[in-house]
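Coordinates in review
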Amino acid sequence: MQPQFTLTFTAGPEHIDVLGHVNNAVWVQWMEAIATAHWEAVAPPEHVAAYVWVVARHEIDYKGNIGEGETVTAETFIPEGPSGARFDRRVDFRNAAGKVIVSARTTWAMIDKATGRLLRVTPEVAAPFVGGR
């Protein structure tokens, strides 16, 4: 089983659009927030100091939404090992009833902070994030 990481987000007034629910751009911000928190919580400090991740692609399914004051639990994991400099990441947002209301598969690329160049994800970098089923 892949190691999972969770965070809770609560919709504030700044997150709400003219339709009265969380704006789609906010969901993307929350995807970045949980991905970053997962990296910083699990990766060894020397990896956090040396590498940074950038988004290469988002694929998002919106199946529901929440309003101001409502909370979602975001769950993220890496479904399979890296491909070169890239990792795919899943993020599911569950409402208070436990229903997935937003689901995403994002592709992240690893960058060397010192050079600004793409780097191949090594087995040592990947190890804390991928597990066997």
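The following refers to the structure shown. Computed from a prediction, not measured in an experiment: that's the story for all the values here.

Rules used in this analysis
Residues numbered from 1 in each chain as written. Predicted model: local features only at pLDDT ≥ 70, side-chain atom pairs only at ≥ 80, totals over all residues. Heavy atoms only, no water. Helix = DSSP H or I, 4+ residues; strand = E, 2+ residues; numbered from the N terminus. Rg over C-alpha atoms; globule rule 2.2 N^0.38 Å. Buried < 20%, exposed > 50% of the residue type's maximum accessible area, 1.4 Å probe, protein only. Salt bridge = Lys/Arg side-chain N within 4 Å of Asp/Glu carboxyl O. Expected span 1.5 Å × (residues − 1). Polar contact = N/O pair within 3.5 Å; in protein donor to acceptor, adjacent residues only side chain to side chain. Contact = heavy atoms within 4.5 Å. Pairing = 2+ DSSP bridges. Core = buried A, V, L, I, M, F, W, Y, C linked by side-chain atoms within 4.5 Å.

1. Observations concerning the overall build of the protein chain
Of the regular secondary structure elements, the protein chain holds three helices and five strands. Going residue by residue from the N terminus, the α and β elements of the protein chain occur as β-α-α-β-β-β-β-α. Scaling as 2.2 N^0.38, a compact globule of 133 residues should have a C-alpha radius of gyration of about 14 Å, and the protein chain matches this with 15 Å. Overall, the protein chain is about 45 × 35 × 25 Å in size when its C-alpha atoms are taken along their principal axes. The proportion of buried residues among the 133 residues of the protein chain is 38%.

2. Details of the pattern of salt bridges
The full count for this structure, using the stated rule, is five salt bridges. Three or more residues are tied together by salt bridges with common partners; here these are Glu80, Asp88 and Arg105.

3. A closer look at helix 1 (residues 24–42)
Taking 1.5 Å per residue, 19 residues should reach 27 Å; helix 1 reaches 28 Å between its end C-alpha atoms and fits that length. Restricting attention to buried positions, one finds in helix 1 the residues Val26, Trp27, Trp30, Met31, Ile34, Ala35, His38 and Trp39. Put simply, Asn23 is the residue that caps the front of helix 1, since its side-chain oxygen is 2.8 Å from the backbone nitrogen of Ala25.

4. Considerations on the side chain of Asp17
Structurally, Asp17 is set in the loop between strand 1 (5–10) and helix 1. At a separation of 2.9 Å, a polar atom in the side chain of Asp17 contacts the main-chain amide nitrogen of Leu19. Leaving out residues up to four positions away in the same chain, Asp17 has contacts with Val22 and Asn23.

5. A look at the pairing of strand 5 (residues 100–112)
Summarising burial for strand 5: twelve of the 13 residues are buried, a large majority. Two strands pair when backbone bridges link them, and strand 2 (residues 51–62) and strand 5 are joined in this way by eleven bridges, in the antiparallel orientation. From the neighbouring strand, His58 faces strand 5, where its bridge partner is Thr106. Bridge count between strand 4 (residues 86–94) and strand 5: nine bridges; the pairing is antiparallel. Within strand 5, the position partnered with Phe87 by the bridge is Trp108. In this antiparallel pair of consecutive strands, strand 4 and strand 5, the connection spans five residues, and Gly98 shows a positive phi of 90°.

6. Side note on the nonpolar core
For soluble globular proteins, nonpolar side chains are generally found buried alongside one another. Judged by nonpolar contacts, the single largest core of 17 residues is most densely connected at Trp27, Trp30, Ile66, Val72 and Phe93. When residues of this core are traced back to their parent elements, those giving at least two are strand 1, helix 1, strand 3 (71–77), strand 4 and strand 5. Among the elements that take part in this core, helix 1 stands out by supplying five residues, more than any other. Once residues lying within four places of it in the same chain are set aside, the contact partners of Phe93 are Phe9, Trp27, Trp30, Met31, Val72, Thr73, Ala74, Lys99, Val100, Ile101 and Val102. Judged by nonpolar contacts, the second largest core, of 13 residues, contains Ala43, Tyr51, Trp53 and Ile78.

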